[in-house]
Amino acid sequence: GHLRLDGEDLMGFQRTSYLRHCGTVMQDTYIFTGTVADNLRISHTEATDEELRAVLEQVELLEWVDAQPEGLNHDLDGGNGLSAGQRQRIGIARAILPNPAFLFLDEPTSALDAETEAQIVNMLRELCRNRTTLVVTHRLETIVDADQIVVLDRGQMVERGQHEELIAQNGLYADLYRLHRTLLPGSEPSSPEVNA
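Residues numbered from 1 in each chain as written. Predicted model: local features only at pLDDT ≥ 70, side-chain atom pairs only at ≥ 80, totals over all residues. Heavy atoms only, no water.

Asker: I would appreciate a short explanation of the packing of helix α5 (residues 84-96) against helix α6 (residues 114-127) in the present structure.
Answerer: Two numbers describe how α5 lies on α6: the axes approach to 11 Å, and their chain directions differ by 10°. As the angle between them shows, α5 and α6 are arranged roughly parallel. In this structure, α5 contributes Gly85, Arg89, Ile92 and Ile96 to the contact, and α6 contributes Thr116, Gln119, Ile120, Met123, Leu124 and Leu127. Here the contact of α5 with α6 is built from residues that sort into 6 nonpolar, 3 polar and 1 charged. (Axes fitted to C-alpha atoms, helices over the stretch in contact; angles between N-to-C directions. Helix = DSSP H or I, 4+ residues; strand = E, 2+ residues; numbered from the N terminus. Parallel < 35°, antiparallel > 145°, perpendicular 65-115°, else oblique. Contact = heavy atoms within 4.5 Å. Nonpolar A, V, L, I, M, F, W, Y, C, P; charged D, E, K, R; others polar.)

Asker: Would you take a moment to explain the sheet that holds strand β5 (residues 132-136) for this structure?
Answerer: Across the sheet, 3 strands lie side by side as β3-β4-β5; this open sheet has parallel pairing. Here the strands that pair on one side only, and so sit at the sheet edges, are β3 (22-25) and β5. Here the strands of the sheet are splayed against their neighbours by 10° on average, with no regard to which way each runs. Across 4 bridges, β3 lies against strand β4 (residues 102-106) in parallel orientation. Residue pairing for β4: Gly23 is matched across the bridge by Leu103. Relative to the sheet, α5 contacts β3 and β4, its axis offset from that of β3 by approximately 170°. (Pairing = 2+ DSSP bridges.)

Asker: Please explain a nonpolar patch on the surface as it appears in this structure.
Answerer: Together, Tyr30, Phe32 and Ile42 make up a nonpolar patch on the protein surface, roughly 310 Å² of accessible area in all. With a relative accessible area of 33%, Phe32 lands in the partly exposed category. (Patch = residues over 30% accessible without salt bridge, like charges linked within 9 Å, V, L, I, M, F, W, Y side chains within 5 Å. Areas by Shrake-Rupley, 256 points an atom, 1.4 Å probe, with all protein chains shown as cover. Salt bridge = Lys/Arg side-chain N within 4 Å of Asp/Glu carboxyl O. Buried < 20%, exposed > 50% of the residue type's maximum accessible area, 1.4 Å probe, protein only.)

Asker: In this structure, what is going on with the pattern of salt bridges? I would like to understand it.
Answerer: Pairing is possible between side chains that carry opposite charge, provided their charged atoms lie close to one another. All told, the structure shown has 9 salt bridges when counted by the stated rule. Note that Arg181 and Glu141 form a salt bridge whose closest N and O atoms lie 3.1 Å from each other. Within this pair, whereas Arg181 is found in helix α8 (residues 172-183), its partner Glu141 is found in the loop between β5 and β6 (149-153), the two being separated by 40 residues in sequence.

This is the structure:
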C-alpha cells in the first residue's frame, strides 16, 4: 500500500519537508528545562511573544501563565509542579504553534481525570477543525466527531466508519463505547443503552 499526504506518496517527500507540516502530541508530554516560551518555541523558533500568547489562549492556559510573576518567562522546572492537564496543554500548544496542516495525537487524554479530559476534548474539537488529524486512542470520547474511525483488533482493521454507523453495526466499537460510557462519572454501570 501507499501512505499519502494531500494525494502525494509520502516516500516522495524529504523527511524535513513533511515534518514542517506536522504537529504531534504524545500521551506523555515532555516538558523541557526552561521557560514557558522556551518550551513552546521548540516547535517554532521564530514565534513572537504575541503568537505564544495566542496559542496559550487557544489551549486555555494563558490565564495561568499571566498569573505567574514572570509570565512567558516562568521557569517550568522540567514540568515539576505542573498538573497533567497543564502539561498536556503545553504539549498541544507546542504542536499547533506552527499551524501544521497535519496533527497526530497519540492518546492525548490518557493521563487526565474525567473533568480535565472533557475540557481537553472540547478544546481539541475546535483545534482540529480544518486540519487533517490522526488520533490513536482507547478513550472514545476523543473521536466521536471524527470523519472516519478505524477499529483495530490484534493489529487487524475490523471496522471502519463514523460513530453513528459503528454504533448501529453493534460490533466491537459499539461494545467498547458502551463499556467506556459505563466508566464515566455519573453513568449507570448496568445501563445497556448507548447515548450516542
